[in-house]
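Fold and contact review
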Amino acid sequence: MTVRILYFASLREHLGMGSEELELPEGLGTVGELRAWLASQGREALAVVPNLRFAVNQEMARASDPVLDGDEVAFFPPVTGG
């Protein structure tokens, strides 16, 4: 399964990239599993950012939501304004 991953705000800065396209291993089925796998692959910022938000195909998602072949998954920290 191939997915496009987008990183925003401080995640983009910590990881040094805004996006990547990855072939995922068998068995990853949810956003939460994808997050854990990415963190285990050297993207530790995904594991430590509190209140991390997700979107799948530009719609807000939960950690339990499925990830399918060809999906675009975005990770972003909560943002505040002033």
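To start, this report covers the structure provided alongside it. Quick caveat, the model's predicted, so the values are computed rather than measured.

From N to C terminus, the protein includes 3 helices and 5 strands. Sequence-ordered secondary structure for the protein, helices as α and strands as β, is β-α-β-α-α-β-β-β. Each principal axis of the C-alpha atoms in the protein carries an extent, and together these give about 40 × 25 × 20 Å. Within the protein, contacts between residues separated by at least 24 positions form 49% of all contacts whose residues are at least 6 apart in sequence. A distance of 9 Å separates the average location of the 6 positive side-chain charges in the protein from that of its 12 negative side-chain charges.

Pairing is mixed across the open sheet formed by 5 strands, whose spatial order is β2-β1-β5-β3-β4. A single partner strand is all that each edge strand has here, and the edge strands are β2 (19–23) and β4 (59–61). On average, adjacent strands in this sheet sit at an angle of 30 degrees to one another, irrespective of strand direction. Pairing between strand β1 (residues 2–7) and strand β5 (residues 72–76): 4 bridges, direction parallel. Bridging from a neighbouring strand, Y7 pairs with F75 of β5. Contacting β1, β2, β3 (53–56) and β5, helix α2 (residues 31–40) crosses the sheet at an angle of about 70 degrees to β5.

Parameters and conventions
Residues numbered from 1 in each chain as written. Predicted model: local features only at pLDDT ≥ 70, side-chain atom pairs only at ≥ 80, totals over all residues. Heavy atoms only, no water. Helix = DSSP H or I, 4+ residues; strand = E, 2+ residues; numbered from the N terminus. Contact = heavy atoms within 4.5 Å. Lys, Arg positive; Asp, Glu negative; His and termini not counted. Charge placed at Lys NZ, Arg CZ, Asp CG, Glu CD. Pairing = 2+ DSSP bridges. Axes fitted to C-alpha atoms, helices over the stretch in contact; angles between N-to-C directions.

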